[in-house]
Structures are given as structure tokens and as C-alpha cells.
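Each chain, letter by letter, is given below.
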Amino acid sequence: MLNHIVLMGRLTRDPELRRTASGIAVASFSLAVDRDFANRESGEKETDFIDIVAWRNTAEFVSKYFTKGRAAVVSGRLQIRTWTDKEGNKRRNAEVVADNIYFADSKREGGEAVPARAYGESMPSVPAAAPASDFAMLEDDDSQLPF
């Protein structure tokens, strides 16, 4: 089975970082995501507000570098939580459990640099420029090409 969701939108509030009783970090925030199509009557695009939950290092990452209004790409899975409220009614809530969170806009206006990656990704290494002797010119004969 497959349960994977990717969303792009803007944070509607600053992430709220909390810790479980055992000290595990958990951050929650909401993402405003515009629909791809316009409403027939009004002609305007509608917006969905989606609850996001991030755990452990991803939670700490998002609470440190993201604030209300920042654009983000969230990759994760959809989860339906059920609980009983104070009046004894059964309630359900859909939320996205984030595996990766990426920046979808430029660095903050204050000039503070932010990592150009999502948490969990290693920074790509950029090899030094290869000497020209490592390259060989191909002849005009296309018969040597593998395709």
C-alpha cells in the first residue's frame, strides 16, 4: 500500500515545538495550500488549511528555521487520528506526518542564512573542476553512442 503526500504552501502560524514525556520533540503547524483550479462561481482559487506534525529532528529543524508566512514543501504521509472529546463524542482529524520539509522560498529578509536543504538530506559534495585531460573528444561518428 502507498500513503505518500507532498504539499506546497505557506505556514499560517509559527511552528509550536513541544516535547513528549520521554523528551521527544514534536512540532505542529498549519499549511495554507492553494487549489490548482478556480471556483466556478467566484472565479477565485480556494485555499485548504492542512495540519502538519513533525517529529524528532525534523520538528526541531522546522521550529528553528520556519515562521508564519514562509513557503514550504512538506513530504510525508496522511494520518487520521480519532479521539473522544470532553462531551464523550467521537472525533476525527486528518493531518500530515512530515518526513521531510523543504524551503520553497528564498532566505529570510533579515539576511540570516538558512540551510539550502531539508532535514535528513546530506549536503551534496561538489567535486573540484576536473582537468581537461580527463575528457576525450568524440568523433562525429554517431555509431559509437549507446543510444
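As a reminder, the structure under discussion sits directly above these lines.
Undergrad: Describe the nonpolar core, with residues and values.
TA: Membership of the largest hydrophobic core comes to 20 residues, with the highest contact counts inside it found for Phe29, Leu31, Ile52, Val62, Phe66, Val74 and Ile101. Those elements that provide at least two residues to this core are β1 (5–11), β3 (25–38), β4 (45–55), α1 (56–65), β5 (71–84) and β6 (90–103). Of the residues forming this core, the biggest block, 5 residues, is contributed by β3. Beyond its immediate chain neighbours, meaning those up to four positions away, Val62 contacts Pro15, Ala27, Phe29, Ala54 and Ile101.

Undergrad: Quick one: what's the story with the pairing of β6, residue by residue and with numbers?
TA: Sheet analysis places β4 next to β6, joined by 3 bridges and oriented parallel. If you follow Ile52 over to β6, its bridge partner there is Val96. In this structure, β5 lies alongside β6, joined through 13 bridges in antiparallel fashion. From the neighbouring strand, Gln79 faces β6, where its bridge partner is Glu95.

Undergrad: Before we move on, could you go through the environment of Leu31 and cite the residues and values that matter?
TA: Of note, Leu31 is situated in strand β3. The buried category is assigned to Leu31, whose relative accessible area is 0%. When the C-alpha atoms of Leu31 and Asp51 are compared, they prove to be 6.5 Å apart, with 20 residues separating the residues in sequence. Beyond its immediate sequence surroundings of up to four residues, Leu31 is in contact with Leu7, Gly9, Arg10, Leu11, Thr12, Asp48, Phe49, Ile50, Ile52, Ala72 and Val74.

Scoring rules and cut-offs
- Residues numbered from 1 in each chain as written.
- Predicted model: local features only at pLDDT ≥ 70, side-chain atom pairs only at ≥ 80, totals over all residues.
- Heavy atoms only, no water.
- Core = buried A, V, L, I, M, F, W, Y, C linked by side-chain atoms within 4.5 Å.
- Buried < 20%, exposed > 50% of the residue type's maximum accessible area, 1.4 Å probe, protein only.
- Helix = DSSP H or I, 4+ residues; strand = E, 2+ residues; numbered from the N terminus.
- Contact = heavy atoms within 4.5 Å.
- Pairing = 2+ DSSP bridges.

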